[in-house]
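# Structural description and commentary
Each chain, written out:
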Amino acid sequence: MPSYGHWQWIRASGHGAETGFWIGDIKEIKSGRIARPRSPPSIHNRSLEPTNLHRASPYAVTSVTMGLSPQITNLIIILGMMQVAKKIPFEDESVLNLCRAGYIASNLIILSIYLYIQNTINKKKDLTTLKYVEPAPMGSSEEGKLVTTTVQAYDLAQLKNLMRSQMMGVLMMGVMHLYFKYTNPLLIQSIIPLKGALEANLTKIHVWGQPASGDLKRPFKQAAGFMSGLQNGSAQSDKKAVESAERAGRGGAKEE
């Protein structure tokens, strides 16, 4: 499968012929008449035209993860693992114990990641002052609260939330599996939480070494999802919002 930068030739067999397309351009190519471009086309001046999608072969399957949100990739994983779970003989005790071991191993990896992040945060001991306006709960008539903290305290608070969320997930999985005897979720819950831990903002900063700028700038943006609907948007750290909250006297006490 030759690849030219971000452009990749997809080959598939369908109705006795090979068809394919260039990702991004959706340029249909017939077998035996493949015209290879002299130079890799630039994706900056090309667009993915929906009107051309019908020209691609229905048998050509490709996975393009770049640009997909974590929610979309999670959905793809869940749907895929649901199909895989149908073929796994959970009634076999040895197979079931193997799935249980995989789930336990996944959670131990997540715990080790979080403990490593905690150790890294405490080692860095970044006492840089961080000010932001915390949004009020959805439906509340109150204004956002001004929070004054440090980078270290903020990261530890975020890590605490991640660990609490993981513990709740393990508790729910325990009830579903041990009490209600569900086995299929063992597979999904061995992958999705681990994926989430590896994609967490704190992991990107303290494990992968990415700079705390852009989407990783503190305070972190509220992730899209159900819980984001319970708040009036993300925390605001711009100078105007902070100064407005200070003048109104909303909060401001330093969190340790």
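Summarised in this report is the structure supplied together with it. Only a predicted model underlies this, so the values are computations on that prediction, with no experimental measurement involved.

With glycine set apart, most residues show a phi of negative sign, and most peptide bonds adopt trans. Note the cis peptide between arginine 218 and proline 219, where omega equals -5 degrees. Locating proline 219 in the fold gives a position in the loop between α5 (201-206) and α6 (239-248). Although it is not a glycine, lysine 125 sits at a positive phi angle of roughly 45 degrees. Its identity is not glycine, yet lysine 181 carries a phi of approximately 65 degrees, on the positive side. With respect to the element layout, lysine 181 can be found in the loop between α3 (151-179) and α4 (185-199). A residue is classified by how much of its surface remains accessible, and lysine 181, at 60% relative accessible area, is exposed.

Counting 15 residues, the largest nonpolar core has Tyr114, Ile117, Tyr132, Tyr154, Leu159, Leu202 and Phe220 as the members making the most contacts within it. For this core, the secondary structure elements donating two or more residues are α2 (93-124), β6 (129-134), α3 and α5. Sorting elements by how many residues they give to this core places α2 first, with 5 residues. Those residues in contact with tyrosine 132, other than ones at most four positions away along the chain, are Lys145, Leu146, Val147, Thr149, Tyr154, Pro219, Ala235, Gln236, Ser237 and Val242.

So, about the side chain of serine 190. Along the polypeptide, serine 190 turns up in helix α4. Overall, serine 190 belongs to the buried group, its relative accessible area being 16%. The contact partners of serine 190, leaving out residues within four places of it in the chain, are Cys99, Gly102, Tyr103 and Ser106.

Reading the values: rules and limits
- Residues numbered from 1 in each chain as written.
- Predicted model: local features only at pLDDT ≥ 70, side-chain atom pairs only at ≥ 80, totals over all residues.
- Heavy atoms only, no water.
- Helix = DSSP H or I, 4+ residues; strand = E, 2+ residues; numbered from the N terminus.
- Buried < 20%, exposed > 50% of the residue type's maximum accessible area, 1.4 Å probe, protein only.
- Core = buried A, V, L, I, M, F, W, Y, C linked by side-chain atoms within 4.5 Å.
- Contact = heavy atoms within 4.5 Å.

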